[in-house]
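Residue-level listing of the chains:
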Amino acid sequence: MIDYISKRIVCPHCGHHTRVELDASQGDQEFYEDCMACCNPIHLRLHRDEVRDCLQLFVDADDEQMF
């Protein structure tokens, strides 16, 4: 299983492409990265699927979260 990966994402606020470094060695994670262009927070959820041996990254704006 890959633990470290660099991924290009699109800011949900302004559409700017930015690169994030992901560390999946700790399992599932939830964190925020600020957009380099508009400085708005980007909500990131990383899910490590060990059955299918893959990582899933969910990207949304801070105000799009559902609880």
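Right above here is the structure, for reference.
For clarity, every value in this text was computed on a predicted model and none was experimentally measured.

What counts and what doesn't
Residues numbered from 1 in each chain as written. Predicted model: local features only at pLDDT ≥ 70, side-chain atom pairs only at ≥ 80, totals over all residues. Heavy atoms only, no water. Helix = DSSP H or I, 4+ residues; strand = E, 2+ residues; numbered from the N terminus. Buried < 20%, exposed > 50% of the residue type's maximum accessible area, 1.4 Å probe, protein only. Contact = heavy atoms within 4.5 Å. Areas by Shrake-Rupley, 256 points an atom, 1.4 Å probe, with all protein chains shown as cover. Lys, Arg positive; Asp, Glu negative; His and termini not counted. Charge placed at Lys NZ, Arg CZ, Asp CG, Glu CD. Salt bridge = Lys/Arg side-chain N within 4 Å of Asp/Glu carboxyl O. Core = buried A, V, L, I, M, F, W, Y, C linked by side-chain atoms within 4.5 Å.

Account for the overall build of the protein, with residues named and values stated.
Along the protein, the regular secondary structure elements total zero helices and five strands. Reading the protein from its N terminus to its C terminus gives the helix and strand order β-β-β-β-β. Principal axes of the C-alpha set define a box for the protein whose edges measure 35 × 25 × 15 Å. Per-residue burial for the protein yields a buried fraction of 27% across its 67 residues. For the protein, contacts bridging at least 24 residues in sequence account for 30% of all contacts bridging at least 6. Carbon and sulfur atoms form 48% of the exposed surface of the protein, whose accessible area is close to 4800 Å². Across the protein, 6 positive and 14 negative side-chain charges occur, with their mean positions spaced 8 Å apart.

Give a description of the pattern of salt bridges that names residues and reports values.
Evaluation of the coordinates by the stated rule reveals one salt bridge. Salt-bridge contacts for R52 lead to D49; the nearest nitrogen and oxygen are separated by 2.8 Å. The exposure class of D49 is buried, given its relative accessible area of 12%.

Requested: an account of the nonpolar core, with residues and values cited.
Residues I9, C11, V20, L22, A24, F31, C35, I42, L44 and L46 constitute the largest nonpolar core, which totals ten residues. Secondary-structure elements contributing two or more residues to this core are β2 (17-23) and β4 (41-49). The greatest single-element share of this core, amounting to three residues, is contributed by β4. Apart from the residues within four sequence positions on either side, V20 is in contact with I5, S6, K7, I9, E33 and L44.

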